[in-house]
Amino acid sequence: MDASGPARPKTADAIEAVTEELAEVVFASFPRRDQRTKGMRYLRGLLSARGRKSIRNIAAQVGGPGAEQSLHHFISSSTWDWKPVRAALAGHLAQLSPPEVWVVQPMTIPKAGHRSVGVDQSFDAYLGRPFRGQRAFGVWSSSQRLASPIEWRLFLPDTWVRDGSRRRRAEVPESVTKETMEECAIAALESVRSWHLPSRPVVLNTHVCDVASTIGRFRDAGLQVVARVCRAARLTVRDPALPGYGEGTLSALQILGSARDLRRPAESPAPATGSAPLVAAVRVGLAGAPSRSPAAEQGLVLLGEWDDPLGPPRSMWITTMDTAPLGTLLRLTRHATLTEASLRGLGEAVGLKDFEGRSFRGWHRHVTMASAAYAVAALTGAAAAGHRPRSA
């Protein structure tokens, strides 16, 4: 899978054909013709505007100053529902390139102000440093041919959830309640499951610390999962031949540190480095579960990857796929690595992080349109080619 999507003809006519085909599908739920017209303008603007994909820049590209107010209303105040648009996009992409996995990928959006919905100051475990801005989770349909976002969930910290005046100003629905980052990530996936798409393994590309709760939710849903795990996650060693067996709970980092002798070169190079890392897998159990309880007997595998043989693991994953070959598990984690790179490249090129408004509904409508633009660019190579689609 190429991080920028599959190669396609890059002529203006080919790109326009893909844009119109996708728009016909994803805008089918719009009740009015003017909404479909504005949707097409916004989609073309995301693909063609230079710099930040603000409404002003989009309007300047597709209609001039007179279009700015119209497009602002389309995103911030119109009545169209983003949920059926995302479902239609997911179904369309599933037909073009059936997904092999669903990747749940965090997205951080730096912002200096405090009025945009969800902006907060906190320590971000994924980035490993303090962060101020918005945080969200996207679900990506990922295959060897194509990776593209299809669903989004914006994380609201407790300071926002409990502040009634903030919620009213940002038009946050009453249904949005307090949740952890891990719960937010899983909730994004649960929306995708309601669309009756094919059941696929899930790659959860965020640092899971509460392993028991997270794994339990996936098992209850009957889903296989490979989840990036934080160093401090507490687990037990289940293999009697390994150090740490019978010693109670240990951190994921401790367990993999004791399993260094199990490491062997991976079958294929890592996309981030181009070289084959060292890998090791250890059968583990959930911390706190009685030794003969159902939770303890359910198999989990802790997977580590090392670039530096003398250093700590570069990445750590835990999976319910305890009988899968190590090579299969590594191929699944590669989807996360490439999705992350794709978000930094093509995702930023089509403006996934560029919404400048303050409302909850406006943010969701913008990332929905940007996801559609991403799909067009990934299918055609438009962003990589620097193509400017024709204006509306």
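Residues numbered from 1 in each chain as written. Predicted model: local features only at pLDDT ≥ 70, side-chain atom pairs only at ≥ 80, totals over all residues. Heavy atoms only, no water.

Novice: Outline the overall build of the protein, listing residues and values.
Specialist: Along the backbone of the protein there are 14 helices and 12 strands. Within the protein, the fraction of its 392 residues that count as buried is 54%. Considering only contacts within the protein whose residues lie at least 6 apart along the sequence, 66% involve residues at least 24 apart. (Helix = DSSP H or I, 4+ residues; strand = E, 2+ residues; numbered from the N terminus. Buried < 20%, exposed > 50% of the residue type's maximum accessible area, 1.4 Å probe, protein only. Contact = heavy atoms within 4.5 Å.)

Novice: Report on the nonpolar core, specifying residues and quantitative values.
Specialist: One finds Y42, V117, V211, I318, W363 and M369 to be the most contacted residues of the largest nonpolar core, which totals 115 residues. Sort the elements by how many residues they give to this core and helix α13 (residues 360–380) lands first, with 13 residues. Beyond its immediate stretch of four places on either side in the chain, V117 contacts Q134, L154, L156, W160, A170, V172, R358, S359, F360 and W363. (Core = buried A, V, L, I, M, F, W, Y, C linked by side-chain atoms within 4.5 Å.)

Novice: Explain the pattern of salt bridges to me, using residue names and the numbers behind them.
Specialist: In the structure shown here, the tally under the stated rule is 17 salt bridges. Between R153 and E179 there is a salt bridge; the shortest N-O distance is 3.1 Å. With R153 in strand β4 (residues 147–154) and E179 in the loop between α7 (164–170) and α8 (181–193), this pair connects stretches of sequence that are 26 residues apart. On the basis of relative accessible area, E179 is assigned to the buried category, the value being 15%. In this structure, E305 and R314 form a salt bridge, with 3.3 Å as the shortest nitrogen-oxygen distance. On the basis of relative accessibility, which here comes to 2%, the residue E305 falls in the buried class. (Salt bridge = Lys/Arg side-chain N within 4 Å of Asp/Glu carboxyl O.)

The values are spatial; any link to function lies outside them.
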